[in-house]
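What the coordinates show
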There are 2 protein chains.
Amino acid sequence: MAEVKSDIEIARGASKKPIMEVGEKLGIPGESLLPYGHDKAKVSADFIKSLQGKPDGKLILVTAINPTPAGEGKTTTTVGLGDGLNRIGKKAVICIREASLGPCFGVKGGAAGGGYAQVVPMEDMNLHFTGDFHAITSAHNLLSAMIDNHIYWGNELGIDLRRVAWRRVMDMNDRALREIVCSLGGVANGFPREAGFDITVASEVMAILCLATDLQDLERRLGDIIIGYRRDKTPVFCRDIKADGAMAVLLKDAMQPNLVQTLENNPAFVHGGPFANIAHGCNSVVATTTALKLGDYVVTEAGFGADLGAEKFFDIKCRKAGLKPAAAVIVATVRAMKMNGGVKKEDLGAENVEAVEKGCANLGRHVQNVKKFGVPVVVAINHFISDTDAEIQAVKDYVETLGTEAVLCRHWAEGSKGIEDLAHKVVALAESGKSQFAPLYADDMSLFEKIETVAKNIYHASEVIADKSVRDQLKQWEDQGYGNLPVCMAKTQYSFSTDPNLRGAPTGHTVPVREVRLSAGAGFIVVITGAIMTMPGLPRTPSSEHIRLNPQGYIEGLF
Amino acid sequence: MAEVKSDIEIARGASKKPIMEVGEKLGIPGESLLPYGHDKAKVSADFIKSLQGKPDGKLILVTAINPTPAGEGKTTTTVGLGDGLNRIGKKAVICIREASLGPCFGVKGGAAGGGYAQVVPMEDMNLHFTGDFHAITSAHNLLSAMIDNHIYWGNELGIDLRRVAWRRVMDMNDRALREIVCSLGGVANGFPREAGFDITVASEVMAILCLATDLQDLERRLGDIIIGYRRDKTPVFCRDIKADGAMAVLLKDAMQPNLVQTLENNPAFVHGGPFANIAHGCNSVVATTTALKLGDYVVTEAGFGADLGAEKFFDIKCRKAGLKPAAAVIVATVRAMKMNGGVKKEDLGAENVEAVEKGCANLGRHVQNVKKFGVPVVVAINHFISDTDAEIQAVKDYVETLGTEAVLCRHWAEGSKGIEDLAHKVVALAESGKSQFAPLYADDMSLFEKIETVAKNIYHASEVIADKSVRDQLKQWEDQGYGNLPVCMAKTQYSFSTDPNLRGAPTGHTVPVREVRLSAGAGFIVVITGAIMTMPGLPRTPSSEHIRLNPQGYIEGLF
């Protein structure tokens, strides 16, 4: 067998085009592209404004089965499909999320695809990129500083020190900052209180940036953030602290989508990266709507499996931004089917058709779920070299029983050439006019009913349980005018249930709601059904110990 | 009188050239300039390496009298002189520091010059610029996270939790973070301990970036950082934590100097910005040495007055980087002379020749001090419209008694046209071959003697006093091999003495050393002689309350 190159070797061997040429392909004039080096650029807000009124391309969502340690390759397939569509003559644009810096120093860098379906420059995307996340960190922490400063100078707004809801953020895995006491050291440093840090991607500012339609909308949403409560429990807003204007200024550049390219020099927008649990887990609305004006096809993805990612993409992002997806691709692998069928990771190398058949239940559930949103579906089998013909056929046969097609894709090994079939199938689906997209629930449904609707229809749970305090809180928000917001479910990504070990397609389980949080600026109610970590820690031997520049100036250990 | 335009109006009216053209002027090929937008670029490390062996231009330091509320215009004069030298046909490059983000939200943005002597784009330079400070923040905090992570996983190095010397940083004025207790909340979050945040410009990483000659030197210096001590008081290094490699990776781009332009389209490097008290207060060595290879003249400045700024520029930066300044300009204003002569700020409008004459003592001291380094001096009188002819003449006459010339400069109002005389004078001085630069003290002098040498020769103090604990600490560092380091004095910038209210040219005072700190990576001993604030706070009504985007998309309130 030929030597298999690593992702980073392939990425470094890429013959990148100047980003201005990539932009030209999409009709973006040079002066409207703000370069960051020669291979990254931001698309100017003025140019984006000038696109209003142009017709939209077709939006394709790439989603997946529940993740397993075997890997599915959702981003790889998103990138591959974009290349594949370009290969068959369609003007296609890819839209994916930016990577968070912190976790890169923990386990490994979050690659932007893999094999011959990657977005470059990979190193930059895993480090500072164009500085968007740093801008979000600054904007978030400016508000934090202004809150404590307000309290320090007399607390005119009457903020209850015990009820400050706005924490600080850092784009770093630093467990020591999860819970702190701040303002120690005497009179000059303020009033001591409990506080803490989340990782930047968990910031509501990140979710807001990803949902805002333009700078005005951004500033309005920032103003809507609830930073804490008074002793009478009335909310205090970011607007009251007068931080919204300066925060918008800090985010001015970050609001402009980043253009990079695939290994095959096709355009990709990489912009925004909200958590897929306490936020909605999709790239920015601005990037997606801009791409739709510039391309005939836009291929995008959503975080985690379809139960979380696709549901939030449809019910939050598409609902809020008025997007109408034309088709969805659900990525599966034979290996993941086997794991869902009970095979251990170390046994994945051996053929096991029975386990594949058994594990397909998870895939089937996702296929049927996505169809509930009125969006036509195709399954992409992301090929691994260990897959046998019989195993692949088993997946195809199973998917056919659902009235859907499964297409084998070899983009990882072959680039766009290996994903032509899927590209043709996606075009056929998107052009069929079959999509009748609608969110799962109406805006005016009660908040608790919204949670039940998702739990029953998507998770196939039998019931949702919540303490009176949670139900009372939801009621209170409804009374305050937040009842029309969608719900943003924070649940384990490994199962349809709230038990991460429950693979396959469980039914009859209970969804316990532990806590609810109002993200008034982003515009959703976060519903927490388990332990959600908003500040990760580093492992015993963090990858940062091995990251360095080698004598050739290349980065080692990041990937 | 004609309407006087504000700095920001002038800056916005600038006809900027594409940064590639500005780079071309210096002979930097397009592929060696990494653009950040169309008006900022980084000069690639490879290109910088290719300059080795080229002859150096002449280095001109712009320094100043002790700052007063009247303002001196040191940066304005640095920029003006750069333009002036270009105007008279010299190839001149300006080297100044980057602005810190945090303070911009407190009182006002740190402008890069003023009037018709400015560097643009001003807004960007006061916000994220090219992300250098964010990279420094990330690198610093990665080390912090790795320290607490090391302790969490068993503390193999035996770090004493009470002696962790490495704090965290944020580019924000946030007094609530000065003193905290971190790692609260139980087993999963680590071992609670006292900790705190400094502002990013106070980070030793900033000082290191500004003194490192290349990426290899950077990584070595990062490894040398002392992060804390064991119970037996032996030091633990960054290298022991294995963070140096990943920190260098995070700083890879930040090490490359930023090129921007003046209002007159002349090249300016804006790179690095260490504190001028607990660090050395100069722009990066890499920017200065690169500029010296590209220009016939390099005009640079140092923080605060010459007692702190020029002394550290000479004794730390020039000593370490092997730079030989050819001439120095000391900026003074009639207004500042008057304040030094006892006039209150509200009375500055009225002519007062006597006060000017009296205040000149401060200027005179600085002139004589700078000469002690063997560098020829010229005084620049930065003209204000309220200055009278008699007052200006008084300054000129006084300076002449010192065997030095004072030149009136109108660059603020007239740009390069108003500073031709100074440019000619600087060229004459630099070409005279008079400079016999040498640092004030030898490397092998004891640390305490070094402090005494600065205090007696520059501050004209009669003695330095320090507790036994301070003297013992200095001795210990000498025993450990740090005795050859220069001292970095942290003293009030408002006086030659340690009393900020003691203007003029005091003698016979005492310099009490409160504390000494070893910056082993940066390579100096910080000597603290008063209260040094490393994390500022916000005022009662921070300027951030008024900063916003106006409907035209311009930033309001930042300047």
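None of the values given here were measured: they were computed from a predicted structure.

**Describing the sheet that holds strand E13 (residues 235–237) of chain A**
Through backbone hydrogen bonds, the strands of a sheet pair up, either in parallel or in antiparallel fashion. All names here are of chain A. Taken together, three strands build an open sheet; the order of strands is E7-E12-E13 and the sheet is antiparallel. Two strands in the sheet have a free side with no partner beyond their single neighbour: strand E7 (159–164) and E13. In this sheet, adjacent strand axes meet at a mean angle of 50° when their direction is disregarded. Pairing analysis gives three bridges linking strand E12 (residues 226–230) to E13, with the strands arranged antiparallel. Counterpart to Ile226 in the pairing with E13 is Phe237. Of the strands in this sheet, E7 and E12 touch helix H7 (residues 132–152), which is tilted by about 135° from E7.

**Considerations on unusual backbone geometry**
With an omega of 5°, the peptide bond running from Val120 of chain A to Pro121 of chain A counts as cis. Residue placement: Pro121 of chain A occurs in the loop between strand E6 (117–120) and helix H6 (122–126). A positive phi angle is found at Asn155 of chain B, which is not glycine, with a value near 55°. You can see Asn155 of chain B is positioned in the loop between helix H6 (132–152) and strand E7 (159–164). With a relative accessible area of 17%, Asn155 of chain B lands in the buried category. With a phi close to 65°, Asn265 of chain B is a non-glycine residue in the positive phi region.

**Some words on the domain arrangement of chain A**
All names here are of chain A. By domain assignment, chain A separates into domain 1 (7–130 + 254–431), domain 2 (133–248) and domain 3 (447–529). The C-alpha-based centres of domain 1 and domain 2 are spaced at 33 Å. The interface of domain 1 with domain 2 comprises 24 residues on the first partner and 19 residues on the second. Both faces combined, the contact of domain 1 with domain 2 buries some 1800 Å², and carbon together with sulfur accounts for 73% of it. Per-residue buried area on domain 1 facing domain 2 is highest for Met255, Phe275 and Val285; these three make up 27% of the total on that side. If you look at where domain 1 meets domain 2, you find six residue pairs in polar contact (both at pLDDT 80 or more). Listed by contribution, the elements that provide at least two residues to the side of domain 1 that touches domain 2 are helix H5 (101–104), helix H12 (285–294) and helix H13 (309–321). With three residues, the top contributor of residues to the side of domain 1 that touches domain 2 is H5.

**Concerning the relation of the copies chain B and chain A**
Least-squares fitting of chain B to chain A yields an RMSD of 0.0 Å, with the superposition described by an axial translation of 0.0 Å and a rotation of 180°. Taken together, the rotation and translation describe the operation of a two-fold axis. For chain B, the residue whose C-alpha comes nearest the rotation axis is Tyr36 of chain B, separated from it by 2.3 Å. Looking at chain B, 100% of its interface residues are interface residues in chain A too, so the copies touch through the same face.

**Let's talk about the pattern of salt bridges**
A pair can form between side chains of opposite charge whenever their charged atoms are brought close. Residue and element names in this part refer to chain A. Under the definition given, this model contains 52 salt bridges over all chains. Between Asp39 and Lys16 there is a salt bridge, and its shortest N-O distance comes to 2.7 Å. Of the two residues, Asp39 is situated in the loop between strand E1 (33–35) and strand E2 (41–43) and Lys16 in the loop between helix H1 (7–12) and helix H2 (19–25); the sequence distance between them amounts to 23 residues. Lys16 sits in the partly exposed class, given a relative accessible area of 39%. Asp307 is the salt-bridge partner of Lys491, the closest N and O atoms lying 2.8 Å from each other. Within this pair, whereas Lys491 is found in the loop between strand E21 (487–490) and strand E22 (510–513), its partner Asp307 is found in the loop between strand E16 (297–301) and H13, the two being separated by 184 residues in sequence. Through salt bridges with shared partners, a single ionic network connects Asp217, Arg220, Arg221, Asp224 and Arg239.

**Regarding the interface of chain B and chain A**
The interface of chain B with chain A comprises 66 residues on the first partner and 66 residues on the second. For the pair chain B and chain A, the summed buried area comes to about 5700 Å², and 64% of that belongs to carbon and sulfur atoms. By the criterion of area lost to chain A, the three top residues of chain B are Trp153, Arg175 and Val249 of chain B, representing 11% of everything that side buries. Remark: the boundary between chain B and chain A carries four salt bridges. Between Glu219 of chain A and Arg548 of chain B there is a salt bridge, with its nearest N and O atoms 2.5 Å apart.

**Comments concerning the environment of Leu222 of chain B**
All names here are of chain B. Note that Leu222 resides in helix H8 (residues 215–224). Separated by 247 residues in the primary sequence, Leu222 and Ser469 have C-alpha atoms spaced 27 Å apart. Once residues within four sequence positions are removed from consideration, Leu222 is found in contact with Val205, Ile208, Cys238, Asp244, Met247, Ala248 and Leu251.

**Brief notes about the packing of helix H7 (residues 204–211) of chain B against H8 of chain B**
Residues and elements named next belong to chain B. At a minimum axis separation of 9 Å, H7 and H8 run at an interaxial angle of 150°. The angle between H7 and H8 places the two elements in the roughly antiparallel class. Read as a crossing pair, H7 and H8 show a hand that is right-handed. Along its contact with H7, which presents Val205, Ile208, Leu209 and Leu211, the element H8 presents Asp217, Leu218, Arg221 and Leu222. Of the residues assigned to the contact of H7 with H8, the class counts are six nonpolar, no polar and two charged.

**Let's talk about the UniProt feature "binding site: ATP" (unreviewed entry) in chain A**
Residues and elements named next belong to chain A. UniProt's entry tags Thr68, Pro69, Ala70, Gly71, Glu72, Gly73, Lys74 and Thr75 with the feature "binding site: ATP" (unreviewed entry), counted in the numbering of this structure. Its place among the elements puts Gly71 in the loop between strand E3 (58–64) and helix H4 (74–87). The topology assignment puts Lys74 in helix H4. Classification of Lys74 by relative accessible area gives buried; the value is 10%. With sequence-adjacent residues up to four places away left out, Lys74 is seen in contact with Val62, Thr63, Ala64, Glu301, Ala302, Gly303, Phe304 and Val331.

**Structural notes on the confidence of the model for chain A**
With 99% of its residues at a pLDDT of 70 or more, chain A shows a mean pLDDT of 95. Both confidence scores are given for the complex: pTM 0.97, ipTM 0.96.

**Looking at the sheet that holds strand E21 (residues 487–490) of chain B**
Residue and element names in this part refer to chain B. If you walk across this open sheet you meet the three strands as E21-E24-E23, and the pairing is mixed. In this open sheet, the two edge strands, each paired with only one partner strand, are E21 and strand E23 (515–519). Between one strand and the next, the sheet's axes are offset by a mean angle of 25°, whatever the strand orientation. Across five bridges, the pairing between E23 and strand E24 (residues 524–528) is antiparallel. Considered in E24, the bridge of Ser519 is made with Phe524.

**Focus on the packing of aromatic side chains**
Counting across every chain of the model gives ten aromatic pairs over all chains. Ring plane angle 65° and centroid distance 5.6 Å describe the contact between Phe313 of chain A and Phe314 of chain A, whose orientation is recorded as edge-to-face. A single burial state applies to Phe313 of chain A and to Phe314 of chain A, both of which are buried. Ring geometry for Phe314 of chain A versus Phe373 of chain A: centroids 4.5 Å apart, planes at 35°, classification tilted. Of this pair, Phe314 of chain A sits in helix H13 while Phe373 of chain A sits in the loop between helix H15 (353–371) and strand E18 (377–382), and the two are 59 residues apart along the sequence. With relative accessibility at 0%, the residue Phe314 of chain A sits in the buried group. Lying across the ring of Tyr152 of chain A, Arg175 of chain B places its NZ or CZ 3.7 Å from the centre.

**Re helix H8 (residues 204–211) of chain A**
Residue and element names in this part refer to chain A. Burial analysis of H8 places eight of its eight residues in the buried class, the great majority of the element. Residues Glu204, Val205, Met206, Ala207, Ile208, Leu209, Cys210 and Leu211 constitute the buried set of H8. Of the residues that open H8, the one with a side-chain oxygen 2.9 Å from the backbone nitrogen of Val205 is Ser203.

**Description of the state of the cysteines**
All names here are of chain A. Following the criterion strictly, the structure yields zero disulfides over all chains and no others. With no disulfide of its own, Cys210 has Cys282 as its nearest cysteine by sulfur position, at a separation of 8.4 Å. Taking the relative accessible area as the measure of exposure, Cys210 reaches 0% and is therefore buried. Free cysteine Cys282: the closest other cysteine sulfur is in Cys318, separated by 7.6 Å. Cys282 gets classed as buried once you look at its relative accessible area, which sits at 0%.

**Here we look at the side chain of Asp171 of chain A**
All names here are of chain A. Along the polypeptide, Asp171 turns up in the loop between strand E8 (168–170) and strand E9 (180–182). As a buried residue without a salt bridge, Asp171 has its nearest oppositely charged side chain in Arg97, at a separation of 13 Å. For Asp171, the side chain forms a polar contact with the side chain of Ser100, separated by 2.8 Å. When near neighbours in sequence (up to four residues on either side) are disregarded, Asp171 contacts Ser100, Leu101, Gly102, Phe133, Thr137, Ile199 and Thr200.

Definitions and cut-offs
Residues numbered from 1 in each chain as written. Chains lettered and ligands numbered in written order. Predicted model: local features only at pLDDT ≥ 70, side-chain atom pairs only at ≥ 80, totals over all residues. Heavy atoms only, no water. Pairing = 2+ DSSP bridges. Helix = DSSP H or I, 4+ residues; strand = E, 2+ residues; numbered from the N terminus. Axes fitted to C-alpha atoms, helices over the stretch in contact; angles between N-to-C directions. Contact = heavy atoms within 4.5 Å. Buried < 20%, exposed > 50% of the residue type's maximum accessible area, 1.4 Å probe, protein only. Domains from an automatic or database assignment. Buried area = accessible area lost by both parts, 1.4 Å probe. Polar contact = N/O pair within 3.5 Å; in protein donor to acceptor, adjacent residues only side chain to side chain. Least-squares fit on C-alpha atoms with pLDDT ≥ 70 in both. Salt bridge = Lys/Arg side-chain N within 4 Å of Asp/Glu carboxyl O. Parallel < 35°, antiparallel > 145°, perpendicular 65-115°, else oblique. Left-handed = near helix turned anticlockwise from the far one by under 90°. Nonpolar A, V, L, I, M, F, W, Y, C, P; charged D, E, K, R; others polar. UniProt positions renumbered as here; feature names shortened; annotations may be inferred. pLDDT = per-residue confidence, 0-100. Phe/Tyr/Trp six-rings, centres within 6.5 Å; stacked < 30°, edge-to-face > 60°. Lys NZ or Arg CZ within 6 Å of the ring centre and 35° of its normal. Disulfide = S-S within 2.5 Å. Lys, Arg positive; Asp, Glu negative; His and termini not counted.

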